[in-house]
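# Structural features, examined
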Amino acid sequence: MRMKNYSRFIDPYIRKIKNNEVEHCKEQDQMIDNIVVPTLERPDVEIDEDEIEKGLSLQKYFPYKLIEWEIFLFALIVGVKTIDGDIVFNDIRVMVGRGSGKNGFISFLCFYFLSPYHGIRGYNIDLMANAEQQAKTSFRDVYEVITDPVDKKYQAVLKKNYHATKELITGKTTKSE
């Protein structure tokens, strides 16, 4: 399949889907063909590669790296904007099975949205799930990243940018909770 280049963060996953290199459903093909590509082709849309790269650099604080579909979605969420700077993909639905990494992805998104890299003051996050324990999973993940980093060399920078108790995590720069 011959495809236009859009972004080094978005293109790899699109190519894998369109070339049938990863197992996927027809809805993923439809999403790419009917939503993603037409949106990226719009003259009023641009991709902020620097914003995506900055956000993805936060992976160093986590005990895991994002997988391809997560990088693809993260790039769409934070990097695809109108020329006026408005987020284009502001309504995202992820339907994946157990063990696919969705909690890790949600944890990473929460960490990013609290971070100075996101930079939006008062960008508060609510986590909802079918059960309280399930809703607490990503909160606990972010809490652990901040209070007990995998690499202790990050303790000072995490303490400078985040305040975490077992009830509330705050991004100090943005005052996001």
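Residues numbered from 1 in each chain as written. Predicted model: local features only at pLDDT ≥ 70, side-chain atom pairs only at ≥ 80, totals over all residues. Heavy atoms only, no water.

### Quick look at the packing of aromatic side chains
Across all of its chains, the model carries 12 aromatic pairs by this definition. Geometrically, the ring pair formed by F74 and Y112 is edge-to-face, given 5.1 Å between the ring centres and 85° between the ring planes. Linking F74 in helix α4 (residues 68-79) with Y112 in helix α5 (residues 102-114), this pair joins segments that are 38 residues apart in sequence. Each member of the pair, F74 as well as Y112, carries the same accessibility label: buried. (Phe/Tyr/Trp six-rings, centres within 6.5 Å; stacked < 30°, edge-to-face > 60°. Helix = DSSP H or I, 4+ residues; strand = E, 2+ residues; numbered from the N terminus. Buried < 20%, exposed > 50% of the residue type's maximum accessible area, 1.4 Å probe, protein only.)

### Digging into the layout of surface pockets
Gaps left between atoms are located by rolling a probe of water-molecule size over the structure's atoms. A volume near 1,100 Å³ is recorded for the largest pocket. Within the residue set of the lining of the largest pocket, elements represented by two or more residues are α4, α5 and α6 (132-147). At eight residues, the largest contribution of residues to the lining of the largest pocket is made by α5. Its boundaries defined by the atoms lining it, the second largest pocket holds a volume of some 650 Å³. Forming the boundary of the second largest pocket are 21 residues, of which Q28, M31, R93, V94 and M95 lie nearest the centre. Elements supplying a minimum of two residues to the lining of the second largest pocket: α2 (26-41) and α4. If one sorts the elements of the lining of the second largest pocket by residue count, α2 sits on top with five residues. Class assignment for the residues of the lining of the second largest pocket results in 15 nonpolar, two polar and four charged. (1 Å grid on protein atoms, 1.4 Å probe; cavity = no way out; pocket = protein on both sides within 12 Å on 5 of 7 lines; lining within 4 Å. Points joined across faces, edges and corners; volume = space filled by probe spheres on them. Nonpolar A, V, L, I, M, F, W, Y, C, P; charged D, E, K, R; others polar.)

### Topic: a nonpolar patch on the surface
On the surface, a cluster of nonpolar side chains totalling about 180 Å² of accessible area is made up of I92, V94 and V96. Mapped onto the elements, V94 comes out in the loop between β2 (80-82) and α5. (Patch = residues over 30% accessible without salt bridge, like charges linked within 9 Å, V, L, I, M, F, W, Y side chains within 5 Å. Areas by Shrake-Rupley, 256 points an atom, 1.4 Å probe, with all protein chains shown as cover. Salt bridge = Lys/Arg side-chain N within 4 Å of Asp/Glu carboxyl O.)

### Some points on unusual backbone geometry
A positive phi is found at N20, a non-glycine position, where the angle reads about 55°. Following the sequence through the fold, N20 ends up in the loop between α1 (11-18) and α2. A positive phi angle, near 60°, is found at K175, a position not held by glycine. Note on placement: K175 falls in the segment after β4 (169-171).

### What about the side chain of H24?
One can find H24 in the loop between α1 and α2. From its side chain, H24 meets the backbone oxygen of V22 in a polar contact 2.8 Å long. In this structure the side chain of H24 is engaged in a polar contact, spanning 3.0 Å, whose partner is the side chain of D29. Among residues more than four places away in sequence, those in contact with H24 are I17 and D29. (Polar contact = N/O pair within 3.5 Å; in protein donor to acceptor, adjacent residues only side chain to side chain. Contact = heavy atoms within 4.5 Å.)

### A short note on a positive patch on the surface
Together, R121, K159, K172 and K175 make up a region of like positive charge exposed at the surface. Relative to the helices and strands, K159 is located in helix α7 (residues 155-161). (Lys, Arg positive; Asp, Glu negative; His and termini not counted. Charge placed at Lys NZ, Arg CZ, Asp CG, Glu CD.)

### Overview of the packing of helix α3 (residues 49-56) against α4
As a packed pair, α3 and α4 sit with axes 9 Å apart at the nearest point and diverge in direction by 125°. In terms of orientation, α3 lies oblique with respect to α4. The hand of the α3/α4 crossing is right-handed. For the pair α3 and α4, the contacting residues are E51, I52, G55 and L56 in the first and I71, F74, A75, V78 and G79 in the second. Here the contact of α3 with α4 is composed, by residue class, of six nonpolar, two polar and one charged. (Axes fitted to C-alpha atoms, helices over the stretch in contact; angles between N-to-C directions. Parallel < 35°, antiparallel > 145°, perpendicular 65-115°, else oblique. Left-handed = near helix turned anticlockwise from the far one by under 90°.)

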